[in-house]
Amino acid sequence: MNTTRHWPQRAFILSRALSRAFSDTPSPTFPLKHVTRSNFESALLELRSHVRAADFVAIDMEMTGVTSAPWRESFEFDRFDIRYLKVKDSAEKFAVLQFGVCPFRWDSLKQSFIAHPHNFFVFARQEIPLDRTSYEFLCQTTSMDFLAKYQFDFNACIHEGISYLSRGQEDEARKRLISPKGDQLTHPSHNLRETTDLPLVRVADVLFTERMKKRLGEWRDDLLQNRVGGPQEEKVPDDLNQQFRTVFFKMRPALSLDGFTSHQLSLIRMEEVKNDHQRRAEMKINAAVGFRHVIDLLSSENKLIVGHNCILDIAHIHSKFLAPLPSTAEEFVSCVNKYFPSIIDTKILLNADYTLQRKMKRSSTSLSSAFSLLCPEIAHGFTRNVLSYEPCVKVEVHVDEMRSSNWNSGAKHEAGYDAFMTGCVFAQACSHLGIDFQLHSPSENLTQNEKLQKHMNLLYLSWINGDIIDLRTGNRSAELSGSNMIRKPYRKILFKNILLLWGFPSKLKPSMIRDCICKTLGPTSVICTYGIDQTAVFVQFSKAELVSDFLNLKETLEQSNDAISHLHPLSQLLEGGNTHAASYETYKEICASPISKVLFADQAEAVGIKWKTELLPSDKEESHDNTRSHLESAMDSPQAVEKSKSRNTEDVVNDSSNKRFCDDIIDSFLKVEKIRRTTNL
């Protein structure tokens, strides 16, 4: 009976306990500071203080696309330097629409990180006249559709996005400012433009100008003396003083000029107008720098910059805000390291530690997957229950006056939220690597942390192949131990053994091309064929000299126009007369071009490659002899001799559509030719 009487009270106490266990109901939306032109200045001022206090800053971007053509995708057969060229092309062709910046500061009192996620809308527009008439960029339909799927606000980006000038563009603008036509930076049709260009050529004008400068200086000094020391004794007025009368304009002292000609007034006003134009132009340039002020802030504060699979992000920063991207990876990393000496790629961290790989259950290392698996509390906005046993680095979000540690899942693929996710993944990864933030002091610099040093300034140039670029040297770096455990191993590629083919008949598939070549150079001559697109393939030979043999043979067959040549196994590959072949270096030349045609064959033509066969330099002199020798050696097998005896020529001609019979004609022809040459000797 007592139990029944007290049940409502006990139920209430239990419900309160449960509510405390699962307290802090997530807020409906993730607190994210959106920044556009209208609030950029105030947001930049606020961001400056957050970055200066931060232990690290996470970044992320949303772009209008990634690859300008299918063959610009990252391939297994891409060499290290070509992977950089493809990253370069992407950064140059596409625009950044959002830039996420999220400073993280460790709060030792709360034992958690304080994050300040900012989501900047960015849109390149021409704020001041430069050499280019307007900005241009490509849009990849899949990328734009992807952004639309996640409710990206294109209107806010285009109408309210923050523009910018790169360092190079700012330098160009300042050079124009001091040029004779510098006033165009303020107003190209200013009514005083002629005044600013007025030359002083007459001696009388020079003397008059100097006298006016002296008189104006005296007038200014008199005003200052009167203001500081009280009224001064009046000087005897002369004709010149009669022309200068002190008046007040908007409660400020000014000069009224009387008795001067229009030419003299122009001379007096010239210096003043020029100074005014310069001030206005300076203000306009500073305003046009726009979002690059954020990049300058990140660089000047020398903070640890954290991104996820961020080589393309760094390339965009270089291309948009620093200078045009250089042609080589070595030059690229030299500039990046100068402005951002400490960069961490969280994808490197996730694949460098076996414990982290086990934690992620060898699943995808995409940002969203890593965030969900490593930071479940933060990702889903709930408080850890008593059954959880793994430590978790806490993160609290501050946006304006709002503070929150619980929320519903944020808007993925908004740059500000993705930057927040990146920072959270980094914090958890550091914890798994043995970095105890509870012992972290405000004076400690994460860039000097020994456990992070071996992972710092290493970026995946290509995640597909595990290619890592070292930002300190520009060299290719070996993937760290444990990395290959979640990715299938790729075959070893010898680029000197690779042949590039394009422009062949569209009916031919890579496997068919392989068969054609193997029938000519032997069944083990080709290791594999790799399709670039429907118009081009890589052929990897078993030996480097086979590349030369093929190129020589192809040239010989194209120069011959007899019936035998048309019956050769390679005739199917050369049909139409548009098949091109070259060594791997030609592929680099094509990838380095800023042109981007959809099909590789069209790209090669647009680049200006007109020849059909590019022989290697050492092969051109011995082309004919090597080709004939190779063709003859193909007839030494007993099977070929037996075939030639078992059929007569008439039967083969009547059944010329049969490719095996065509091979017999060639075999017989070459056998006879070999016997003839032996007899002549």
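Residues numbered from 1 in each chain as written. Predicted model: local features only at pLDDT ≥ 70, side-chain atom pairs only at ≥ 80, totals over all residues. Heavy atoms only, no water.

The UniProt entry for the protein chain carries the following text under Cofactor (unreviewed entry): "a divalent metal cation". (UniProt positions renumbered as here; feature names shortened; annotations may be inferred.)

1. A word on the nonpolar core
Most often, soluble globular proteins keep nonpolar side chains buried together rather than apart. One finds F99, F120, F291 and Y587 to be the most contacted residues of the largest nonpolar core, which totals 82 residues. Here this core gets 7 residues from one element, more than from any other, and that element is helix α12 (residues 311-322). Those residues in contact with F120 that lie beyond four places of it in its chain are V35, F40, L47, L97, Q98, F99, V101, I162, F291 and V294. The next biggest cluster of nonpolar side chains, apart from the first, holds 44 residues, and it includes F30, L32, F113 and L452. (Core = buried A, V, L, I, M, F, W, Y, C linked by side-chain atoms within 4.5 Å. Buried < 20%, exposed > 50% of the residue type's maximum accessible area, 1.4 Å probe, protein only. Helix = DSSP H or I, 4+ residues; strand = E, 2+ residues; numbered from the N terminus. Contact = heavy atoms within 4.5 Å.)

2. A look at the packing of helix α2 (residues 40-53) against helix α11 (residues 292-300)
Orientation of α2 relative to α11, taken along the N-to-C sense of each, is 10°, at an axis distance of 11 Å. Compared by their axis directions, α2 and α11 come out roughly parallel. When α2 is examined against α11, the residues F40, L44, L47, R48 and V51 are found in contact with a partner set consisting of H293, V294, L297 and L298. Partitioning the contact of α2 with α11 into residue classes produces 7 nonpolar, 1 polar and 1 charged. (Axes fitted to C-alpha atoms, helices over the stretch in contact; angles between N-to-C directions. Parallel < 35°, antiparallel > 145°, perpendicular 65-115°, else oblique. Nonpolar A, V, L, I, M, F, W, Y, C, P; charged D, E, K, R; others polar.)

3. A look at the packing of aromatic side chains
Per the stated rule, a full pass over the model turns up 37 aromatic pairs. Measuring from centroid to centroid gives 6.0 Å for Y417 and F420, while their planes differ by 35°, and the two rings are tilted. Residue Y417 and its partner F420 are both found in helix α18 (residues 415-432); the two are separated by 3 residues, about one turn of the helix. The exposure class of F420 is buried, given its relative accessible area of 0%. Through a chain of ring-to-ring contacts, the aromatic side chains of W71, F75, F77, F495, W502, Y530, F538, Y584, Y587, F600 and W611 assemble into a single cluster. Seen from the ring of F495, R79 lies directly overhead, with NZ or CZ sitting 5.9 Å from the centre. (Phe/Tyr/Trp six-rings, centres within 6.5 Å; stacked < 30°, edge-to-face > 60°. Lys NZ or Arg CZ within 6 Å of the ring centre and 35° of its normal.)

4. A closer look at the side chain of K347
Secondary-structure assignment places K347 in helix α14 (residues 346-352). Of the side chains bearing the opposite charge, D345 lies closest to the buried K347, which forms no salt bridge; the N-O distance is 7.6 Å. Setting aside residues up to four positions removed in sequence, K347 forms contacts with H308, N309, T365, S366, Y460 and W463. (Lys, Arg positive; Asp, Glu negative; His and termini not counted. Salt bridge = Lys/Arg side-chain N within 4 Å of Asp/Glu carboxyl O.)

5. What to know about α11
Because the α-helix completes a turn every 3.6 residues, residues three or four places apart line up on one side. Taking burial as the measure, the 9 residues of α11 include 7 buried ones, the bulk of the element. Every buried residue of α11 is accounted for by R292, V294, I295, D296, L297, L298 and S299. Of the residues flanking the end of α11, it is N302, one or two places downstream, whose phi is positive at about 55°.

6. Some points on unusual backbone geometry
Phi angles above zero are rare outside glycine, and N309 is one such case at about 50°. The topology assignment puts N309 in the loop between β8 (304-307) and α12. With a phi angle near 55°, D400 is a residue other than glycine that sits in the positive phi range. Note that D400 resides in the loop between β10 (395-399) and β11 (402-404).

7. Side note on the pairing of strand β17 (residues 536-541)
Burial analysis of β17 places 6 of its 6 residues in the buried class, the great majority of the element. Side chains A536, F538 and Q540 of β17 all project onto a buried face; the interleaved residues V537, V539 and F541 project onto the opposite face, where all are buried too. Where strand β15 (residues 498-502) meets β17, 5 bridges bridge the pair, whose relative direction is antiparallel. The residue bridging W502 from the neighbouring strand is A536, located in β17. With 6 bridges joining them, strand β16 (residues 526-533) and β17 adopt antiparallel strand pairing. The residue bridging T529 from the neighbouring strand is V539, located in β17. Where β16 folds back on β17, the antiparallel hairpin that results is connected by 2 residues. (Pairing = 2+ DSSP bridges.)

8. A look at the side chain of T67
On the secondary structure map, T67 appears in the loop between β2 (56-63) and α3 (80-93). Using a relative accessible area of 12% as the deciding quantity, one classes T67 as buried. There is a polar contact of 3.2 Å between the side chain of T67 and the side chain of E73. Ignoring any residue separated from it by four or fewer positions in sequence, one finds T67 in contact with R72, E73, F94 and Q140. (Polar contact = N/O pair within 3.5 Å; in protein donor to acceptor, adjacent residues only side chain to side chain.)

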